[in-house]
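Examining the three-dimensional arrangement
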Amino acid sequence: DVGAALVDEIRRTVLQPAVDGMAARGTPYIGVLYAGILLTAAGPRVLEFNARMGDPETQPLMLRLASDVVPALLGAARGDLSGVSLEFDARAAVGVVLAAEHYPAKPVAGDVIEGADGPFEPGVQVFHAGTRHRADGRLVTAGGRVLTVCALGVDVPDAARRAYAAAGRIHFRGQHHRNDIGKRP
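Read on for a plain summary of the structure. The structure presented is a predicted model; accordingly, all values stated were derived computationally and were not measured. (Residues numbered from 1 in each chain as written. Predicted model: local features only at pLDDT ≥ 70, side-chain atom pairs only at ≥ 80, totals over all residues. Heavy atoms only, no water.)

1. Focus on the overall build of the protein
So the rule is basically this: Secondary structure is summarised from DSSP: a helix means a run of H or I of at least four residues, a strand means a run of E of at least two, and numbering begins at the N terminus for each. Only protein chains enter the accessibility calculation, which uses a 1.4 Å probe; a residue is then buried when its area is under 20% of its type maximum, exposed when over 50%, and partly exposed in between.
Within the protein, the secondary structure is distributed over 4 helices and 7 strands. When the elements of the protein are put in sequence order from the N terminus, they spell out α-β-β-α-α-β-β-β-β-β-α. Principal axes of the C-alpha set define a box for the protein whose edges measure 50 × 35 × 35 Å. By the burial criterion, 31% of the 185 residues in the protein qualify as buried.

Here it is as structure tokens:
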């Protein structure tokens, strides 16, 4: 699990230098910037930076967000985040992507999705990405990363168990997902 010391190290060695570097170049960034961090034996390493809030990596974080995100988004757009603070649920969150048949090469679209509406236990949220409704109202696949099933738990293994349990209640032809999310190598 990621503790306060590791979060501080990532803030100090990755996040703050990125912000400081943009400021030094006179290229401030306004919006959501997500840092994909790999935890290695040599310490945290940057995999990527993303400027999209809807990626599967950010969805568990959004599930943990306990405060209203709108003031932060408006503040960022206006260039004034003074007085804005975000509160997060202390529980762990895990997201499992349910992918379409043949993803990532040539994902199949149009397969009917069953079970995405739940019901699910509290703390579980299904985020739609590659879905659409047909004229008859049925939910179908419409992209490679179809759904992300996110869950809160007392720790990462509990959150992963809950996410996988909920994912197991959703079905569509050719569906596949990773089985190692939330597990240590």
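2. A closer look at helix α3 (residues 70–78)
An α-helical turn contains 3.6 residues, so a residue and the one three or four places further along point in the same direction. We count it as follows: Within this analysis, the arc is defined by the directions that extend from the helix axis to the C-beta atoms.
Within the span of α3, buried status applies to Ala 72, Gly 75 and Ala 76. The arc that holds the buried residues of α3, viewed along the axis, is 100 degrees, so those residues lie on one side. Residues Ala 77 and Arg 78 are exposed on α3 and point more than 90 degrees away from its buried face. One or two residues past the end of α3 sits Gly 79, with phi positive at roughly 80 degrees.

3. Digging into the nonpolar core
Using the following cut-off: Throughout, nonpolar core names a set of buried Ala, Val, Leu, Ile, Met, Phe, Trp, Tyr and Cys residues whose side chains join them through atoms within 4.5 Å. We call two residues in contact whenever any of their non-hydrogen atoms come within 4.5 Å of each other.
In this structure, Leu 98, Ile 113, Leu 147, Val 149 and Ile 170 are the most contacted members of the largest nonpolar core, which totals 22 residues. At the level of secondary structure, the elements contributing two or more residues to this core comprise β3 (92–99), β4 (124–128), β7 (145–153) and α4 (156–167). Apart from the residues within four sequence positions on either side, Leu 98 is in contact with Gly 144, Arg 145, Val 146, Leu 147, Val 149, Ala 167, Ile 170, Phe 172, Gln 175, His 176 and His 177.

4. Examining the sheet that holds β3
Put simply, the rule reads: Two strands qualify as a pair provided DSSP detects at least 2 bridges between them. Note on method: axes are straight lines fitted to C-alpha atoms, helices fitted across the in-contact stretch only, with angles between N-to-C directions ranging 0 to 180 degrees.
Pairing within the open sheet is antiparallel, and its 3 strands lie in the order β3-β7-β4. Whereas interior strands pair on both sides, the edge strands pair on one side only; in this sheet they are β3 and β4. With direction set aside, neighbouring strand axes in the sheet form an average angle of 20 degrees. Pairing of β4 with β7, which is carried by 5 bridges, proceeds in the antiparallel orientation. Directly across from Val 124, in β7, lies its bridge partner Ala 151. Packed onto the sheet, α4 meets β3, β4 and β7 and runs at close to 140 degrees relative to β7.

5. Observations concerning the pattern of salt bridges
Just so we agree on the cut-off: Salt bridges are identified by distance alone: a Lys or Arg side-chain nitrogen within 4 Å of an Asp or Glu carboxyl oxygen.
Tallied over the full model, the rule gives 8 salt bridges. A salt bridge links Asp 89 to Arg 91; its shortest N-O distance comes to 2.6 Å. Take Arg 91: its relative accessible area is 36%, and that puts it in the partly exposed class. Where salt bridges share partners, they join Glu 101, Asp 111 and Arg 173 into one cluster.

6. Looking at α4
Just so we agree on the cut-off: Here, expected helix span is obtained from the residue count minus one, scaled by 1.5 Å. Two N or O atoms count as a polar contact when they lie within 3.5 Å, although within protein this holds only if one can serve as hydrogen donor and the other as acceptor, and sequence-adjacent residues are included solely when both atoms are side-chain atoms.
In a regular helix each residue adds 1.5 Å, so 12 residues correspond to 16 Å; α4 covers 16 Å between its end C-alpha atoms and thus fits that length. Residues Asp 158, Ala 159, Ala 160, Arg 162, Ala 163, Tyr 164, Ala 166 and Ala 167 constitute the buried set of α4. Among the structural elements, β3, β4 and β7 are those in contact with the buried residues of α4. Of the residues that open α4, the one with a side-chain oxygen 2.9 Å from the backbone nitrogen of Asp 158 is Asp 155.

7. Observations concerning the pairing of strand β1 (residues 34–40)
Taken residue by residue, a regular strand's side chains alternate between the two faces of the sheet. Looking at chain direction, β1 and strand β2 (residues 43–50) are connected through 7 bridges and run antiparallel. Residue pairing in the sheet places Gly 36 in a bridge with Glu 48 of β2.

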